[in-house]
Amino acid sequence: MDATIQSIAIETPFQRFVRNFFASKIAATGCVLLLLIVLAAIFASVIAPQNPYDLTQIDIMDSRLSPGAQNLDGSFTYLLGTDEQGRDMLSAILYGVRISIIVGVASTAIALLIGLTLGLCAGYFGGRTESFIMRVADIQLSFPPILVALILLALMGPGIDKIVIALITVQWAYYARTARSAALVERKKEYMEAARGLGLSPLRIVFRHLLPNCLPPLIVIAALQVASAISLEATLSFLGLGLPVTEPSLGLLIANGFDYMMSGKYWISVFPGIALLLTVVSINLVADQLRDVLNPRLQTQ
């Protein structure tokens, strides 16, 4: 009994976080699956049988081969088949997942930085600053995200940098409103009054004292928005406004096989769709458990 009490007493916040997070088998499964997907994306150039970006490795004569088929000379086996351009589907999916993760994480991180800064300033300073920032956020949120992204990409053209800019534009307002709400609650607490009483600069109060206490809800939203950004990027690529044909993403791979679904060549769309589904579901499982673990009410139970 004493040993149990002592082990609980010396448990660090990180150890408690890990214990609470992996208490759910579903969340643990999602975390492991997400880790495998991320590792596969990072080392895609090492483990992929073919570089789908290198046109010298692609033979149009191998187009639309079924899973398990071999190339003409029998020296290479396409485990998941090929698309209409002769690209190995397994290799294209690995590179496509890499693009999706890069786009999702980069756009979410930059949008979080922008929205968090604006939201904290609005919540702490109030007045005209708050009114201006929140009205701009309200205008942004009044439009469907996919509509805003379509308009921006139609004006800027395709490209990974253009997609990131479009996703940042449609995401920052979510973080701004959440950060502002959290700042309104925190700025009335005693530690904020003490910081102001000590004569600390507003910049130090906001980013040294206010920011750490506003992060938990923003971390959960950011995790969810990564999955949303990946889905939106796939949708844009499916509509032909994402990446160019020479840089296949999951959405573009699904679009390439859409015309062949009725002819029995299901693998061109189905396998990239499964990869997209597993990626989004694993991120959502992790984000859902983060929401429960970072909820102060649940931590006190």
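Residues numbered from 1 in each chain as written. Predicted model: local features only at pLDDT ≥ 70, side-chain atom pairs only at ≥ 80, totals over all residues. Heavy atoms only, no water.

**Section: the overall build of the chain**
Logical step 1: For the chain, the count of helices and strands is 13 helices and two strands.
Logical step 2: For the chain, the residues scored as buried account for 41% of the 301 residues in total.
Logical step 3: Sequence separation of 24 or more characterises 69% of the internal contacts of the chain that already satisfy a separation of 6 or more.
Logical step 4: Carbon and sulfur atoms make up 67% of the accessible area of the chain, which totals about 15700 Å².
Logical step 5: The average position of the 20 basic charges and that of the 20 acidic charges among the side chains of the chain differ by 15 Å. (Helix = DSSP H or I, 4+ residues; strand = E, 2+ residues; numbered from the N terminus. Buried < 20%, exposed > 50% of the residue type's maximum accessible area, 1.4 Å probe, protein only. Contact = heavy atoms within 4.5 Å. Areas by Shrake-Rupley, 256 points an atom, 1.4 Å probe, with all protein chains shown as cover. Lys, Arg positive; Asp, Glu negative; His and termini not counted. Charge placed at Lys NZ, Arg CZ, Asp CG, Glu CD.)

**A closer look at the packing of aromatic side chains**
Logical step 1: Summed over all chains, the structure comprises four aromatic pairs.
Logical step 2: Between Phe21 and Phe22, the aromatic rings sit 5.1 Å apart at their centres with planes inclined by 75°, giving edge-to-face as the arrangement.
Logical step 3: Residue class for Phe21 comes out buried when judged on its relative accessible area of 5%.
Logical step 4: Relative to Phe258, the ring of Phe238 lies with its centre 5.9 Å away and its plane at 85°, an arrangement referred to as edge-to-face. (Phe/Tyr/Trp six-rings, centres within 6.5 Å; stacked < 30°, edge-to-face > 60°.)

**As for the layout of surface pockets**
Logical step 1: Volume-wise, the largest pocket comes out at about 210 Å³.
Logical step 2: Considering the residues around the largest pocket, the lining is formed by Leu33, Ile37, Ala40, Leu80, Ile93, Leu94, Val97, Phe271, Ile274, Ala275, Leu278 and Thr279.
Logical step 3: Secondary-structure elements contributing two or more residues to the lining of the largest pocket are helix 3 (25-42), helix 5 (89-125) and helix 12 (267-293).
Logical step 4: It is helix 12 that contributes the most residues to the lining of the largest pocket, five residues altogether.
Logical step 5: Of the residues in the lining of the largest pocket, the class split is eleven nonpolar, one polar and no charged. (1 Å grid on protein atoms, 1.4 Å probe; cavity = no way out; pocket = protein on both sides within 12 Å on 5 of 7 lines; lining within 4 Å. Points joined across faces, edges and corners; volume = space filled by probe spheres on them. Nonpolar A, V, L, I, M, F, W, Y, C, P; charged D, E, K, R; others polar.)

**Points about the pattern of salt bridges**
Logical step 1: A full pass over the atoms with the stated rule returns seven salt bridges.
Logical step 2: Measuring nitrogen to oxygen at the nearest pair gives 2.6 Å for the salt bridge that ties Glu130 to Arg180. Of the two residues, Glu130 sits in helix 6 (residues 127-141) while Arg180 sits in helix 8 (residues 160-186), which places them 50 residues apart along the sequence.
Logical step 3: In this structure, the salt-bridge partner of Arg291 is Asp292, at a minimum N-O distance of 3.5 Å.
Logical step 4: For Arg291, a relative accessible area of 44% puts it in the partly exposed group.
Logical step 5: Overall, the relative accessible area of 28% leaves Asp292 in the partly exposed class.
Logical step 6: In the salt-bridge network here, residues are joined through shared partners; they are Arg135, Asp138 and Arg177. (Salt bridge = Lys/Arg side-chain N within 4 Å of Asp/Glu carboxyl O.)

**Quick notes on the confidence of the model for the chain**
Logical step 1: The predicted model of the chain averages 84 in pLDDT, with 95% of residues at 70 or higher.
Logical step 2: Element-level mean pLDDT values for the chain span from 51 in helix 1 (residues 2-9) up to 92 in helix 3. (pLDDT = per-residue confidence, 0-100.)

**Considerations on the state of the cysteines**
Logical step 1: Per the stated rule, a full pass over the model turns up zero disulfides.
Logical step 2: Cys121 forms no disulfide, and the closest cysteine sulfur to it belongs to Cys214, at a distance of 12 Å. (Disulfide = S-S within 2.5 Å.)

**Digging into helix 3**
Quick reminder: α-helices carry 3.6 residues per turn. Residues three or four places apart thus point the same way.
Logical step 1: A rise of 1.5 Å per residue sets the reference length of helix 3, with its 18 residues, at 26 Å; its end C-alpha atoms lie 26 Å apart and thus fit the reference within 8%.
Logical step 2: In this structure, the buried residues of helix 3 make contact with helix 2 (13-21), helix 4 (44-47), helix 5 and helix 12. (Expected span 1.5 Å × (residues − 1).)

**Digging into the nonpolar core**
Logical step 1: Counting 29 residues, the largest nonpolar core has Ile93, Val97, Ile230, Leu250, Leu276, Ile283 and Leu290 as the members making the most contacts within it.
Logical step 2: Contacts of Val97, omitting those with residues within four sequence positions, involve Ile37, Ala41, Leu250, Ala275 and Thr279. (Core = buried A, V, L, I, M, F, W, Y, C linked by side-chain atoms within 4.5 Å.)

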